[in-house]
Amino acid sequence: MDTRTVIVVAAVIAAVLLAAAVVVFARLLRTRRDLRRAGLPTGPRWVFWGALAYFLLPADLLVDPVYLDDIGVLLLALRSMRAYAERDQFTDTA
């Protein structure tokens, strides 16, 4: 493979991962909005705002041209918010 092919492949992979990060970010925003509309708490506020800041700020734990760590942080925040809402929902009905 020549250098040009490697650059194109790397750019395509980076674009796909960026698209995945944006999709997960949109799900995080949508989930928070839906939980608030339903009257459920969205969990600790720092989880949401921390994930948002990590996604938007240029500093990363893993310095890479792809968004693997950003996707991971967003997925952890989404999972945490949903788990908190489910736990709170079950404790309110008991």
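If you're wondering where the values come from, they're calculated on a predicted model, not measured in any experiment. (Residues numbered from 1 in each chain as written. Predicted model: local features only at pLDDT ≥ 70, side-chain atom pairs only at ≥ 80, totals over all residues. Heavy atoms only, no water.)

Trainee: Would you mind showing me how to read the environment of Leu76 here?
Mentor: Along the polypeptide, Leu76 turns up in helix H3 (residues 68–93). With 48 residues separating them along the chain, Leu76 and Leu28 place their C-alpha atoms 9.9 Å apart. (Helix = DSSP H or I, 4+ residues; strand = E, 2+ residues; numbered from the N terminus.)

Trainee: How should a nonpolar patch on the surface be read in this particular structure?
Mentor: A surface patch of nonpolar side chains, about 260 Å² in accessible area, is lined by Val8, Val12 and Val16. Mapped onto the fold, Val16 is located in helix H1 (residues 3–37). Relative accessible area serves as the criterion here: at 53%, Val16 is assigned to the exposed category. (Patch = residues over 30% accessible without salt bridge, like charges linked within 9 Å, V, L, I, M, F, W, Y side chains within 5 Å. Areas by Shrake-Rupley, 256 points an atom, 1.4 Å probe, with all protein chains shown as cover. Salt bridge = Lys/Arg side-chain N within 4 Å of Asp/Glu carboxyl O. Buried < 20%, exposed > 50% of the residue type's maximum accessible area, 1.4 Å probe, protein only.)

Trainee: Quick question: what am I supposed to make of the UniProt feature "transmembrane region" (unreviewed entry) in the protein here?
Mentor: The residues that UniProt annotates with the feature "transmembrane region" (unreviewed entry) are residues 6–26 and 46–68. Split by type, residues 6–26 is 100% helix and 0% strand. Its first and last C-alpha atoms lie 30 Å apart. (UniProt positions renumbered as here; feature names shortened; annotations may be inferred.)

Trainee: Just to check I follow, could you spell out helix H2 (residues 45–56) for this structure?
Mentor: Here H2 contains twelve residues, and its C-alpha end-to-end distance of 17 Å stays within 8% of the 16 Å for a straight helix at 1.5 Å per residue. Looking only at H2, the buried set comprises Val47, Phe48, Ala51, Leu52, Tyr54 and Phe55. Mapping the buried residues of H2 onto a view down its axis gives an arc of 165°, with all of them on the same face. Facing away from the buried side of H2 by over 90 degrees, the exposed positions are Arg45, Trp46 and Leu56. (Expected span 1.5 Å × (residues − 1). Arc of directions from axis to C-beta.)

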